[in-house]
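Next come the chains, spelled out residue by residue.
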Amino acid sequence: MIPAPLAEIVEDFAASPREMRLQMLLGYAQGLPDLPDRYADQDALERVQECQTPFFLAVEIDDDRRVSLFFDAPPEAPTTRGYAGILAEGLDGATVDEVLATPPDFFTGMGLAELISPLRLRGMSAILAHIKRRVVELTAG
Amino acid sequence: MSVTGDPDPKLAEYAHPERLVTTSWLAEHLDDPNVVVAESDEDVLLYDTGHIPGAVKLDWHADLNDQVARDYVDPEGFAELMSRRGIGRDTTIVVYGDNFNWWAAYALWVCSLFGHPDVRLLDGGRQKWIDEGRPLTTEVPTPAPADYPVVPRDDRTIRAFKDDVLAHLGEGPLVDVRSPGEFSGELTHMPDYPQEGTLRAGHIPTAKNVPWRRAANDDGSFRSLAELQAIYRDELGITDRDRVIAYCRIGERSSHTWFVLTHLLGVPGVRNYDGSWCEWGNAVRVPIERPGHPVRPPGGVGA
């Protein structure tokens, strides 16, 4: 199951003409929220090794088992920022179970494959997999 | 009318200085009607965040690759692409891009498959232009379509295929321009990121490893002729009699090295094996070299 806010983003992309999709992704790149002050020191964040560009991610889980996500990526990596923006908007506030149940290929229906090579598009699954791994670690034991 | 070259003394050292321009030359030629600037990036969104004024976008995946077969656009597709970008056969194309002109060199190489007469690289690429505080814009130009003839794609002269590489083993130098970890076969598979899908790790037997990035300075520009000669001529022993084949993973990093060998050092007959490790590391019964594992001839009958 794709959590509803994320499913809505997927549908928006799917319903948009090809030329619009990159602009939408750019919108997510530009709209990626700044890190809160407590993550000002990036050592507090985890580096996602799979990404070719430096990319930072922090996951928090509150008492209601709701997940908050924090990302940072440099402006010269707008595609990675765009992926982060989509996941930030689509998964922030979802429950632990919802995040873990998100299919790794949730983005297949977005129509990005004709614009971004499959190799680079895989960055999106890499980020999602990393989020899930952190969620599992934080909820273990 | 042909556009004069950049007389910069650093470029003048190279074998084919007419294949490079400096940022200051380009700044003075942005309004030249015979010049079209094209940005080709790894990150497909980068152009849209801001580009050199007047520059068009050339996307390696959406524009230069065939969308079905693993190949480049065909002659009709190339002519249509050029026409849409306002590029005629006489136009001087100046390509630049992110990541040390990685993809820009690839775009230049594809244009060279179609024999475009005058295609140049911006020395230092996007990074140097920005670091020098030169202007960027988000305004996307809408060029008037140009006439571009349908010309055949020459797949023999600067392009090598798997069978060419097999026949080349032991006959001439092979340059593997990937990182040392990819070359040695240590990197096979990272968590959640199967590296561009190869089943086997290592390198093509007889290949020497010279990571592509060694040809570039930290500011993105190419190293001086003397430095390049030290790497490719002295260290690797490449002479003008050699017929070199370069490869990487999908052929883009090796386009960068192809450019260095062909246009900066003037080595004739260099080919880029664009199938690269993505093909070789998945192909059945091709020899692979990995430290500690002797290369074996193909087993079985009927080899």
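Given the structure is predicted, the values throughout are model-derived calculations rather than measurements.

Undergrad: Kindly report on the confidence of the model for chain B, identifying the contributing residues and their values.
TA: Of all residues in chain B, 95% have pLDDT values of 70 or greater, and the mean over the chain is 93. Reported for the predicted complex are a pTM of 0.90 and an ipTM of 0.79.

Undergrad: Could you give an account of the side chain of H51 of chain B, with specific residues and numbers?
TA: Topologically, H51 of chain B is positioned in the loop between α3 (46-49) and β3 (56-57). Within polar-contact distance, the side chain of H51 of chain B engages the backbone oxygen of E139 of chain B at 2.8 Å.

Undergrad: Give me the lowdown on the interface of chain A and chain B, citing residues and values where you can.
TA: Counting from both sides, the interface comprises 26 residues of chain A and, opposite them, 21 residues of chain B. Where chain A packs against chain B, one counts 0 salt bridges. The tally of links between chain A and chain B comes to 4 residue pairs in polar contact (both at pLDDT 80 or more). Taken together, the elements giving at least two residues each to the side of chain A that touches chain B come down to α2 (18-31), α3 (78-91) and α5 (118-139) of chain A. Across the side of chain A that touches chain B, the residue classes tally to 13 nonpolar, 6 polar and 7 charged.

Undergrad: So what's going on with the sheet that holds strand β4 (residues 92-96) of chain B? Which residues, and what values?
TA: All names here are of chain B. With parallel pairing, 5 strands are arranged side by side in an open sheet as β1-β5-β4-β2-β3. The sheet is open, and its two borders are formed by β1 (20-21) and β3, each paired with just one other strand. Bridge analysis of β1 against strand β5 (residues 119-122) gives 2 bridges, and the strand direction is parallel. Of the residues in β5, the one forming a bridge with V21 is L122.

Undergrad: I'd love a proper account of the pattern of salt bridges, names of residues and values included.
TA: Where charged atoms from two side chains of opposite charge approach closely, those side chains can pair. Residue and element names in this part refer to chain B. Within the structure shown, the criterion is met by 27 salt bridges over all chains. Note that K10 and D123 form a salt bridge whose closest N and O atoms lie 2.7 Å from each other. Separated by 113 residues along the polypeptide, K10 in helix α1 (residues 9-12) and D123 in the loop between β5 and α7 (125-131) bring together distant segments of the chain. On the accessibility criterion, K10 (24% relative accessible area) is partly exposed. Salt-bridge contacts for D164 lead to R156; the nearest nitrogen and oxygen are separated by 3.4 Å. Classification of R156 as exposed rests on a relative accessible area of 53%. Bridged by salt links that share partners, the residues D71, R153, D155, R159 and D274 form one connected network.

Undergrad: So, the environment of D74 of chain B: which residues are in play, and what are the values?
TA: Residues and elements named next belong to chain B. Among the structural elements, D74 can be located in the loop between α4 (60-64) and α5 (75-84). Using a relative accessible area of 37% as the deciding quantity, one classes D74 as partly exposed. C-alpha of D74 to C-alpha of L64: the two residues are 10 residues apart in sequence and 9.3 Å apart in space. In this structure D74 touches F114 and R153, once residues within four positions along its chain are discounted.

Thresholds, definitions, all that
Residues numbered from 1 in each chain as written. Chains lettered and ligands numbered in written order. Predicted model: local features only at pLDDT ≥ 70, side-chain atom pairs only at ≥ 80, totals over all residues. Heavy atoms only, no water. pLDDT = per-residue confidence, 0-100. Helix = DSSP H or I, 4+ residues; strand = E, 2+ residues; numbered from the N terminus. Polar contact = N/O pair within 3.5 Å; in protein donor to acceptor, adjacent residues only side chain to side chain. Contact = heavy atoms within 4.5 Å. Salt bridge = Lys/Arg side-chain N within 4 Å of Asp/Glu carboxyl O. Nonpolar A, V, L, I, M, F, W, Y, C, P; charged D, E, K, R; others polar. Pairing = 2+ DSSP bridges. Buried < 20%, exposed > 50% of the residue type's maximum accessible area, 1.4 Å probe, protein only.

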